[in-house]
Amino acid sequence: MTAWNFATLWEIVAAKAPDAPALVHGDRTVSWSDFDKRADAIGGHIAEAGAVHQDKVGLYLYNCPEYLEACYGAFKAGLVPVNTNYRYADDELTYLWDNADVVAVVFHGAFAEHVEGVRDRVPKVVTWLWVDDGSGPCPDWAVDYEAAVEAASDTVRLWPPRGDDDLLMIYTGGTTGMPKGVMWRQDDLVRGVLGATSRHFRGPADYDAIAALPARPGKVSLPACPLMHATGWFSALARLSAGGCVATIEARHFHAEDVLDAFQRHHVAASAIVGDVIARPMLAALDADPDRWDLSGLEVLSSSGVMWSAPVKEGLLRHLPHEQLVDNFGSSEAMGMGQSVSTSAGSVKTAKFKVTENTRVLDKENHDVRPGSDQVGRVAVRGHQPIGYYKDAAKSERTFVVIDGDRYSIPGDYARVDDDGTLVLLGRGSVCINTGGEKVFPEEVEEALKLHPAVDDAVVVGLPDERFGETVTAVVALQPGATANGAELIAHVKERIAGYKAPKHVVEVDTIGRAANGKVDYARLRRYALDTLALSAAGSTT
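Summarised in this report is the structure supplied together with it. Every chain is numbered independently, its residues counted from 1 as its sequence is written. pLDDT decides what is reported in this predicted model: residues at 70 or higher carry local features, side-chain atom pairs at 80 or more are listed and counted, and totals for whole chains, interfaces and linings draw on all residues regardless. Excluding hydrogens and water, the side-chain values take into account all heavy atoms of the structure.

At least two DSSP bridges between two strands are required for those strands to pair. Only DSSP runs of H or I with at least four residues qualify as helices, and only runs of E with at least two residues qualify as strands; both kinds are numbered from the N terminus onward. With mixed pairing, the three strands of this open sheet are ordered in space as β26-β27-β28. The two strands at the open ends of the sheet, each matched to only one other strand, are β26 (455–465) and β28 (505–508). For this sheet, the mean inter-axis angle between neighbouring strands, taken without regard to orientation, is 30°. Contacting β26 and β27 (469–478), helix α14 (residues 442–450) runs over the sheet at an angle of about 140° to β26. Note on geometry: axes are lines fitted to C-alpha atoms, helical ones only across the stretch in contact, with angles between N-to-C directions running from 0 to 180 degrees. In this analysis, two residues are considered to be in contact whenever any of their non-hydrogen atoms come within 4.5 Å of each other.

If you want it as structure tokens, here you go:
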């Protein structure tokens, strides 16, 4: 095998440092030896239930050790781990697991009711592994995760050879409505993520060279964002592949104090966040109680997926002058599009990134945008990128394009190029809303709103929000003579799709003003919503 595979890498680490910590969750520590054995058991259980090479395994879990154990078990068995957004409602879960051809799901007990509601709609799923979280008993249709581990505790497995094209698949929202499965070869992820900082992973797989490296204590990384998203998941994969330890937070709702407590408790060296959504509350906690935490061991905060504002970076550096703040420009389907690094020696502006050697900004004819021209172009990146979208050849062809003999990922981000060659990110060219790193497709929310009997028409726009980047806002035209308040419409949407997609504000209008072809002027309605909410706020203070 000439390709890198996470399972093979991690097995080398487990053999070299069996007693070192691999996973930490509150008071619980999983050694590398136990990590390896438990993953072996879970991968074996799913395989023995009939899963075959490159079958898909859904991970329907909050951040916890079992997330990475099940991921490792899937890699060992030659299966494909698939993230599952735990905010999804029943229809979204059904779509994802059906579209991904999932045959096994590992889920927290808190989700048992949701799973119960969709089981008969996903007949391809034959294995349900229940992770106890104190929320209730194991359903009779599921297998207790710990029982599966215990049953295989003494089993010695001889896994079949792993393939050079073994995958990881991450489902992302985006601009086409329903989620799409981005197919990453493990080899490309290892070379792209680990190869960016270590020469050992830039060429073909050389496991003998990795095994010969000195065994040093690995550093601790803590994903402060969900593992179900690429930012958290990929950062965890990288830390484990470097022989380190991944810490996770026990709390299921974000509180900055919990994260800072964990940084100190576990001597965290690096953390993955999603911009101001996490960084702003952290800064507020540090400002309120600057002497509470010893964060001298924290070296890097790395963000991806959402804007990270310069004032927040500067505030964090006042408290953490020794730290690097790394702002990565990338997505689930494009790695290494740009990067900016802020230190106490000097900061950079929000949304201004250093272009990598693999990044280009292209006009409509796929010619390079001239620096300093103020021309807007699409950002394209080559190198180690996904092989495409699962079961969507047309979208794959549009996004992954061969230009001048090189294959590029062009996910739809637009930018200008300054005189000095840096790019200024402008955002996606569509009306997709990015709220706290979550992508919300307006038409999906609009359709949910229009199912309410009082609603005649609706348009959903994103409005600026200091913490979340954008907030989902609905502009609604009611049926003649009908009445419905904002709270009622928001609750109606939350019954049908994930809560984070529901509007935070509802603005009423006499008519949406659609053109004859059914299209709407999103920019006009966005201005209307901004003005209406501003007037409402001004009236409430007088």
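In any sheet, the strands associate via hydrogen bonds between backbone groups, in a parallel or an antiparallel arrangement. With mixed pairing, the eight strands of this open sheet are ordered in space as β2-β1-β11-β10-β12-β13-β14-β15. Every other strand in the sheet has two partners, leaving β2 (28–31) and β15 (334–342) as the edge strands with one partner each. On average, adjacent strands in this sheet sit at an angle of 20° to one another, irrespective of strand direction. Pairing analysis gives four bridges linking strand β1 (residues 21–25) to β2, with the strands arranged antiparallel. The residue bridging L23 from the neighbouring strand is V30, located in β2. With respect to the sheet, helix α2 (residues 32–48) is in contact with β1 and β2, its orientation differing from that of β2 by roughly 80°.

Aromatic ring pairs are described here by two measures, namely the spacing of the ring centres and the angle between the planes. Note on ring pairs: Phe, Tyr and Trp rings are taken, using the six-membered ring of Trp, and paired if centres are within 6.5 Å. Classes follow the plane angle, with under 30 degrees stacked, over 60 edge-to-face and the rest tilted. Taken as a whole and assessed by the stated rule, the structure comprises 22 aromatic pairs. When the centroid spacing of 4.8 Å and the interplanar angle of 55° are considered together, the rings of F35 and Y72 count as tilted. Of this pair, F35 sits in helix α2 while Y72 sits in helix α3 (residues 65–76), placing them 37 residues apart in sequence. In textbook terms, an aromatic cluster arises when at least three aromatic residues are bridged by ring pairs, as seen for Y60, Y62, Y86, W97, F107, F111, W128 and W141.

Across a regular strand the side chains alternate sides, sitting on one face of the sheet and then on the other. With eight of 10 residues buried, β27 is to be regarded as a mostly interior element. In the sheet, β26 pairs with β27 via 10 bridges, with the strands oriented antiparallel. Counted as the bridge partner of D465 is G469 from β27. Counting the residues between successive antiparallel strands, the hairpin from β26 to β27 contains three residues. Summarising the sheet, β27 and β28 pair through four bridges and their orientation is parallel. Considered in β28, the bridge of A474 is made with V506. Clockwise travel from the first strand over the helix to the second, with the strands pointing away from the viewer, marks a crossover as right-handed. Traced from β27 through helix α15 (residues 486–494) to β28, the parallel crossover comes out right-handed. Only protein chains enter the accessibility calculation, which uses a 1.4 Å probe. A residue is then buried if its area is under 20% of the maximum for its type, exposed if over 50%, and partly exposed in between.

Multiplying 1.5 Å by the helix residue count minus one yields the expected span of that helix. The end-to-end C-alpha separation of helix α11 (residues 276–288) is 17 Å, in line with the 18 Å expected for 13 residues at 1.5 Å each. Among the residues making up α11, those that are buried are D276, V277, I278, A279, P281, M282, L283, A285 and L286. Where the residues of α11 are buried, they touch α10 (256–265), β12 (270–273), β13 (300–304) and α12 (310–319).

The next thing to look at is the packing of helix α1 (residues 6–16) against helix α7 (residues 186–194). Close contact between α1 and α7 brings their axes to 9 Å; oriented N to C, the two are set at 60°. Regarding the angle of α1 to α7, the classification is oblique. Facing F6, A7 and L9 of α1, the residues of α7 in contact are Q186, L189 and V190. When the residues that make up the contact of α1 with α7 are grouped by side-chain class, the tally is five nonpolar, one polar and no charged. Angles below 35 degrees are treated as roughly parallel, those above 145 as roughly antiparallel, those between 65 and 115 as roughly perpendicular, and all remaining angles as oblique. Three residue categories are used. Nonpolar comprises Ala, Val, Leu, Ile, Met, Phe, Trp, Tyr, Cys and Pro, charged comprises Asp, Glu, Lys and Arg, and polar comprises the others, including Gly.

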